[in-house]
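Coordinate inspection notes
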Amino acid sequence: MTRDLGTTNGAWTNTSVQVHGRKYNLPQRPTVVVCVDGFDPEYLQAGIADGITPNLARFVQEGFSTVAQCAMPSFTNPNNVSIVTGAPTAVHGISGNFYLDKKTKEEIMIVDDSQLRGTTILEQLSKSRVRVAAVTAKDKLRKLIGHGLDIQGGALCFSAEKANTCTLSEHGLSDVERWIGRPTPSQYSGDLSLFVMDAGIKVLEEDRADFLYLTLSDFVQHHSAPQSEASNDFYRALDSRLGRLAELGAVIAITGDHGMSDKADEHGNPNILFLQDALEEKWGQSCARVICPITDPFVKHHGALGSFVRVHLADDQIAKQVTAFCQAMPAVELAMERKAAAELFDMPADREADVVVVAKKSFVIGSCAKDHDLSTIAGHRLRSHGGLSEQNIPLILSVPSKEAPGSRVSWRNFDAFHLALNTVSV
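Figured I'd write up the structure that's included with this text. Everything numeric here is computed off the predicted structure, so don't read it as measured data.

Let's shift gears to the packing of helix 2 (residues 54–62) against helix 11 (residues 229–247). For any two helices packed against each other, one specifies the inter-axial angle together with the distance between the axes. Orientation of helix 2 relative to helix 11, taken along the N-to-C sense of each, is 55°, at an axis distance of 7 Å. By the angle between their axes, helix 2 is oblique relative to helix 11. Here Pro54, Asn55, Leu56, Arg58 and Phe59 of helix 2 lie close against helix 11, whose contacting residues are Asp239, Ser240, Leu242, Gly243 and Ala246. Taken together, the residues of the contact of helix 2 with helix 11 sort by class into five nonpolar, three polar and two charged.

Burial of strand 16 (residues 355–359) is extensive: five of the five residues sit out of reach of the surface. Burial of strand 16 is two-sided: the residues Val355, Val357 and Ala359 facing one way and the residues Val356 and Val358 facing the other way are all buried. Note: strand 14 (residues 308–313) against strand 16, four bridges, orientation antiparallel. Bridging across to strand 16, Arg310 finds its partner in Val356. Here strand 15 (residues 332–337) pairs with strand 16 via five bridges, running antiparallel. Residue pairing across strands places Val332 opposite Ala359, the latter belonging to strand 16.

Attention now goes to the sheet that holds strand 15. Within the open sheet, the four strands sit side by side as 13-14-16-15. Their pairing is antiparallel. The open sheet terminates on both sides in strands that have one partner only, identified here as strand 13 (288–291) and strand 15. Taking each pair of neighbouring strands and ignoring which way they run, the sheet shows an average axis angle of 20°. In this structure, strand 13 lies alongside strand 14, joined through four bridges in antiparallel fashion. Residue Ile291 lies in a different strand from strand 14, and its bridge partner there is Arg310. Here helix 13 (residues 319–327) sits on the sheet and contacts strand 14, strand 15 and strand 16; the angle it forms with strand 15, its principal contact strand, is near 170°. In the packing of helix 14 (residues 338–345) onto the sheet, the strands contacted are strand 14, strand 15 and strand 16, and the crossing angle to strand 15 comes to about 115°.

Here the focus is the sheet that holds strand 8 (residues 156–159). Either a parallel or an antiparallel arrangement is found when strands of a sheet pair, and the pairing is made through backbone hydrogen bonds. Spatially, 4-19-10-3-9-7-8 is the arrangement adopted by the seven strands of the open sheet, whose pairing is mixed. The open sheet terminates on both sides in strands that have one partner only, identified here as strand 4 (64–69) and strand 8. Averaged over all adjacent pairs, the angle separating strand axes in this sheet is 10°, with direction ignored. Two elements, strand 4 and strand 19 (residues 392–397), share six bridges in a ladder whose sense is antiparallel. By the bridge assignment for strand 19, Ser65 is matched with Ile396. Each of strand 3 (31–36), strand 7 (132–136), strand 8 and strand 9 (211–215) is contacted by helix 9 (residues 191–205), which is oriented at about 170° to strand 9, the strand it contacts most.

This next bit is on the state of the cysteines. Taken as a whole and assessed by the stated rule, the structure comprises zero disulfides. With no disulfide of its own, Cys166 lies closest to Cys157 among cysteine sulfurs, the gap being 9.2 Å. The cysteine Cys287 is free of any disulfide, with Cys368 supplying the nearest cysteine sulfur at 9.6 Å. The exposure class of Cys287 is buried, given its relative accessible area of 10%.

Calculation rules
- Residues numbered from 1 in each chain as written.
- Predicted model: local features only at pLDDT ≥ 70, side-chain atom pairs only at ≥ 80, totals over all residues.
- Heavy atoms only, no water.
- Axes fitted to C-alpha atoms, helices over the stretch in contact; angles between N-to-C directions.
- Helix = DSSP H or I, 4+ residues; strand = E, 2+ residues; numbered from the N terminus.
- Parallel < 35°, antiparallel > 145°, perpendicular 65-115°, else oblique.
- Contact = heavy atoms within 4.5 Å.
- Nonpolar A, V, L, I, M, F, W, Y, C, P; charged D, E, K, R; others polar.
- Buried < 20%, exposed > 50% of the residue type's maximum accessible area, 1.4 Å probe, protein only.
- Pairing = 2+ DSSP bridges.
- Disulfide = S-S within 2.5 Å.

See the structure below:
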């Protein structure tokens, strides 16, 4: 079933929108962009090889498929915002889940769009009277992703995590549990993501939107490696729902916000560098504040331990020494001062710390040992992200594209909207 939107929606006053220097055509068919949180290419490869994901296998074979790179740091907030803006963090300003306010010295968790710079593709589509629906697994993302959406004009924006508290005025939909036919899932479950997918399917079945952005949770990926029973169960269920979206006539672009790596030793113990402890042992108490930008309300996933941290120094004159000290550590892949890090990773320099430190693939970096509750990750091998080793993610289109994977030197996850809106033959 294919529904042609271009001839049925007379309210549209233009045929494309411009966002951060890039043009996006308005959708001519129902279009869905899915961000699979923690979508390391290994999950896709294993799912196809083992016959777990037949719909994804079909998309890869008949549509478009490549390995793309996510924005750095390879965390949830920066990459979801990059995907919906089509731009790196240097443009939109969201370069972490958690940051240190340089003026107040307060540590702040990003839970809304107050730090966002500029607009999003979703906002501009909504302003062009395209019916937009955005469904997030985590409520922390909802206000970021929903920036500027015209809820009163018919846009939908809600989270699976808080589905039981949705209101018509704030989210565009109320009584979501009754509407979808099941209760709000636990935030620590794979079902949180499947609820998002079920919501997207329901929206399309009821013809409530022309363009959907669905972003999932990485609970399963943090706990379960590819080919494990839990991983297979999740990807089998996800694949079935992707197949249903295709049956409903949707063009589907699928990517990830970041990959995922095992961060434990041969005995299953997490490989952790507590960097602030190491710096204070070298330069004294309160010489630095190490900020872990992976920190979010879902700390049970990862104990606030990722592979990218920011070091704010009490005395920035020792930045070169601190950088060299960090670079010499066995757990460290890369240590850089502010300007060099911002340039290399296309991050906003004015929001960057004095020193940026990235861990090697099998390591994570924390601040002080006393500040991380490791009981939250007991009972399973630590799997996390944030570094260069988690930049690779799949980029898939369910239908053929006018662009071949080899037409670019490199693809980014924030090319997903371009693929879905600009490269599909109508």
